[in-house]
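Descriptive structure summary
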Amino acid sequence: MRPRTLTAVEPDAPSGRQAPTDSTPRSPERARQARSRDGATRFAVFAAPGLLVYLALVLVPIGITIGYSLTNKNPFNPPTKWVGLHNLTSLASDDEFLKALSNTVLVTVLVTLVTNAGGLAIAMLLDRRGWLYNVLRSVFFVPVVLSAVVVSVIWQAILVDDGLLNSMLRQLGVSHPPGWLSDPSLALYTVSWVIAWQGLGFCVVIYLAGLQSIPQELHEAAAIDGCGPATRFRHVTWPMLAPAVTINTVMSLIGGFKAYDQVQVLTNGGPGPGTTSTLAFQVVQTAFNGNHVGYASAMAVAMLLLVAAVSVIALGLLQKREVSS
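Here's a quick rundown of the structure. Just so it is clear, the structure is predicted and the values come from calculations on it, not from any experiment.

Next up on the list: the overall build of the protein. Helix and strand counts for the protein stand at 13 helices and zero strands. Helices and strands appear in the protein in the N-to-C order α-α-α-α-α-α-α-α-α-α-α-α-α. Whereas a compact globule of 325 residues would reach a radius of gyration of roughly 20 Å, the protein reaches 31 Å, over 25% beyond that. Sequence-distant contacts in the protein: of pairs separated by 6 or more residues, those separated by 24 or more amount to 66%.

Right, here's the structure in full:
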């Protein structure tokens, strides 16, 4: 008899059958391509909703506005004609636009200075432990979450000629209190104060986060070296707050340039012709009151370019300070 030959069986093969083996392993390049495709698919699935919303609510309106800025569009005076860059070049000789531009620059400077200086001072006072300081942090942040219209209505009740503030001043013996909203020389500063007051809480939170991220060992080492509070702030606290300064400055600049709600509610651009008119206010007035949609779109495009340029320059300078600090 011929001897029976035994066949080796894979140990993990079910029912004693030989398990098939893959004789062609995947190459590293193919594996990388497969991982790349999987990553692109996951990114598309998760990012698509946000990108579609951003496209529909930001990029498409910007594109439409740029298109309108190149025409003389007026919904009540057709037909619409192509005018090219005529609207943009006309802005340089438009007194109302230039007045609104100067007002906007002044508001932006005041808001940026007040929110950053006041926010840093309050944050250093609140950089303590205890339930009282936690409550105060919440109190300072409340205006940030309120609508700008609500804040403006509250301040209007306080600042009008017969409002709460002037009533208190009369009781203190001031016979002729200032016209905070009716005096052309004060109205723009009053509006700037309301805008800065509402944005103050945001700066406080950012500066608090920056202060609490500074290692305590640095302050202790500086104190051991004999540095006083002012010296420690200058050489330890201020350089370490560079990222917080960047965030607050850029956000304050953008907030100042797009100021509209407070102007509309408090003064409606008055009390004199264009006294408190800002770029955003002038765009709305030109488009919806004057029906000059094409010209208003050109104002909006100029405003967009101005805000983008100022933001990029400020961000570049402040980020260089972060590196040097």
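Back to the write-up after that little detour.
Right, let's get into the packing of aromatic side chains. Throughout the structure, instances matching the rule amount to four aromatic pairs. Taken together, a centroid distance of 5.5 Å and an interplanar angle of 75 degrees make the contact between Trp155 and Trp197 edge-to-face. With Trp155 in helix α5 (residues 148–159) and Trp197 in helix α7 (residues 187–212), this pair connects stretches of sequence that are 42 residues apart. Trp197 gets classed as partly exposed once you look at its relative accessible area, which sits at 30%.

Another aspect to go through is the layout of surface pockets. Looking at the largest pocket, its volume works out to about 520 Å³. Lining the largest pocket are 20 residues, and of these Ile195, Gly199, Met251, Gly255 and Lys258 lie nearest its centre. Only α3 (95–126), α7, α10 (242–257) and α11 (261–266) provide two or more residues apiece to the lining of the largest pocket. Per-element tally for the lining of the largest pocket: the top contributor is α10, with six residues. In terms of residue class, the lining of the largest pocket is built from 10 nonpolar, eight polar and two charged. In this structure, the second largest pocket is lined by 17 residues; those nearest its centre are Lys258, Ala300, Val301, Met303 and Leu304. For the lining of the second largest pocket, the secondary structure elements donating two or more residues are α1 (28–69), α10, α12 (279–289) and α13 (293–324). Top element by residues in the lining of the second largest pocket is α1. It accounts for six residues. Its residues placed into classes, the lining of the second largest pocket shows 15 nonpolar, one polar and one charged.

On to the side chain of Thr71. Its place among the elements puts Thr71 in the loop between α1 and α2 (86–90). Taking relative accessible area as the criterion, Thr71 reaches 11% and is therefore assigned buried. Within the structure, Thr71 has its side chain in polar contact with the backbone nitrogen of Lys73 (distance 3.4 Å). Non-local contacts of Thr71, meaning those with residues more than four positions away in its chain, are made with Thr80, Lys81, Trp82, Val83, Asn87 and Gly294.

Our next topic: a nonpolar patch on the surface. There is a patch of nonpolar side chains on the surface, built from Leu52, Tyr54, Leu55, Leu59, Val60, Ile64 and Tyr68 and spanning about 630 Å² of accessible area. As for its placement among the helices and strands, Val60 is situated in helix α1.

Secondary-structure assignment places Gln282 in helix α12. The class for Gln282 is buried, based on a relative accessible area of 10%. Ignoring anything within four residues of it in the chain, the contact list for Gln282 reads Glu96, Ala100, Ser277 and Met299.

Residues other than glycine predominantly adopt negative phi, and peptide bonds predominantly adopt the trans conformation. Cis geometry marks the peptide bond from Pro78 to Pro79, where omega comes out at 0 degrees. When you line up the elements, Pro79 lands in the loop between α1 and α2. You will see that Asn268, though not glycine, has its phi angle at about 55 degrees, which is positive. Residue placement: Asn268 occurs in the loop between α11 and α12. Using a relative accessible area of 45% as the deciding quantity, one classes Asn268 as partly exposed.

Conventions we followed
- Residues numbered from 1 in each chain as written.
- Predicted model: local features only at pLDDT ≥ 70, side-chain atom pairs only at ≥ 80, totals over all residues.
- Heavy atoms only, no water.
- Helix = DSSP H or I, 4+ residues; strand = E, 2+ residues; numbered from the N terminus.
- Rg over C-alpha atoms; globule rule 2.2 N^0.38 Å.
- Contact = heavy atoms within 4.5 Å.
- Phe/Tyr/Trp six-rings, centres within 6.5 Å; stacked < 30°, edge-to-face > 60°.
- Buried < 20%, exposed > 50% of the residue type's maximum accessible area, 1.4 Å probe, protein only.
- 1 Å grid on protein atoms, 1.4 Å probe; cavity = no way out; pocket = protein on both sides within 12 Å on 5 of 7 lines; lining within 4 Å.
- Points joined across faces, edges and corners; volume = space filled by probe spheres on them.
- Nonpolar A, V, L, I, M, F, W, Y, C, P; charged D, E, K, R; others polar.
- Polar contact = N/O pair within 3.5 Å; in protein donor to acceptor, adjacent residues only side chain to side chain.
- Patch = residues over 30% accessible without salt bridge, like charges linked within 9 Å, V, L, I, M, F, W, Y side chains within 5 Å.
- Areas by Shrake-Rupley, 256 points an atom, 1.4 Å probe, with all protein chains shown as cover.
- Salt bridge = Lys/Arg side-chain N within 4 Å of Asp/Glu carboxyl O.

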